[in-house]
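# Coordinate inspection notes
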Amino acid sequence: MARKQHTRNASGPVGPSQRQLRAGELIRHALVDILREEEIHDEALAGVSITVTEVRLSPDLKHATCFVEPLGAGVEAAPTTGHESEIIKALNAHAKFLRGRLGPKLDMKFTPDLKFRHDESFDAASRIDRLFADPRVRADLEADDEVEQ
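Reading the values: the criteria
- Residues numbered from 1 in each chain as written.
- Predicted model: local features only at pLDDT ≥ 70, side-chain atom pairs only at ≥ 80, totals over all residues.
- Heavy atoms only, no water.
- Helix = DSSP H or I, 4+ residues; strand = E, 2+ residues; numbered from the N terminus.
- Contact = heavy atoms within 4.5 Å.
- Areas by Shrake-Rupley, 256 points an atom, 1.4 Å probe, with all protein chains shown as cover.
- Salt bridge = Lys/Arg side-chain N within 4 Å of Asp/Glu carboxyl O.
- Buried < 20%, exposed > 50% of the residue type's maximum accessible area, 1.4 Å probe, protein only.
- Core = buried A, V, L, I, M, F, W, Y, C linked by side-chain atoms within 4.5 Å.

## Concerning the overall build of the protein chain
Counting its regular elements, the protein chain contains five helices and three strands. Secondary structure elements in the protein chain, listed N-terminal to C-terminal, are α-β-β-α-α-β-α-α. For the protein chain, restricting intrachain contacts to residue pairs at least 6 apart in sequence, the fraction spanning at least 24 positions comes to 58%. Summing over all exposed atoms, the protein chain offers an accessible surface of approximately 11,000 Å²; the carbon and sulfur share of this is 51%.

## Quick notes on the pattern of salt bridges
For the coordinates displayed, the defined rule picks out five salt bridges. Its salt-bridge partner being glutamate 37, residue lysine 105 comes within 3.8 Å of it at the nearest N-O pair. Here lysine 105 is found in the loop between helix H3 (95-102) and strand E3 (113-118), whereas its partner glutamate 37 is found in helix H1 (residues 18-37), with 68 residues between them in sequence. On the basis of relative accessibility, which here comes to 41%, the residue lysine 105 falls in the partly exposed class. Judged by its relative accessible area of 53%, glutamate 37 is exposed.

## What to know about the nonpolar core
One recurring pattern in soluble globular proteins is that nonpolar side chains are buried together. In terms of nonpolar packing, the biggest core is built from 26 residues, with Leu31, Leu91, Leu98, Leu102, Leu114 and Phe116 touching the most fellow members. Of all the secondary structure elements, the ones that give two or more residues to this core are H1, strand E1 (50-57), strand E2 (63-70), helix H2 (84-93), H3 and E3. Per-element accounting of this core gives the leading share, six residues, to H1. In contact with phenylalanine 116, other than residues within four places in its own chain, are Leu31, Cys66, Val68, Ile88, Leu91, Asn92, Ala95 and Leu98.

Interpretation in functional terms is not warranted from these geometric data alone.
Following this line, the structure appears as structure tokens:
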């Protein structure tokens, strides 16, 4: 008797599994500890605090994309403003070192390969805030509120 093969819902894109989300959070917390405790000898990372905002894992949990944001990025007076790409390059250059430090902290069969990317969500959120602050948009929103009442 043939076994029925389990297939995912073909109606649309499927998000990450619960396993991927849980492992991503474990890796994110461990990476935060490593970046806080370890001294990475790189000029681009000297004195820079890095926020790990999200870790997305491949379905087989062997590849992790780590979204990071240098602390103060986007703020005009911050020393990291304009240097985000250098910081990301430095993190990717030290990805194997970080992976080596990550292994003992995780209770996983494999330690995933790490790839670092700049988290653009903060830029998008500030752009939306600026749009809502625009007087023309605010006038439209207030006009919509009056119509609904």
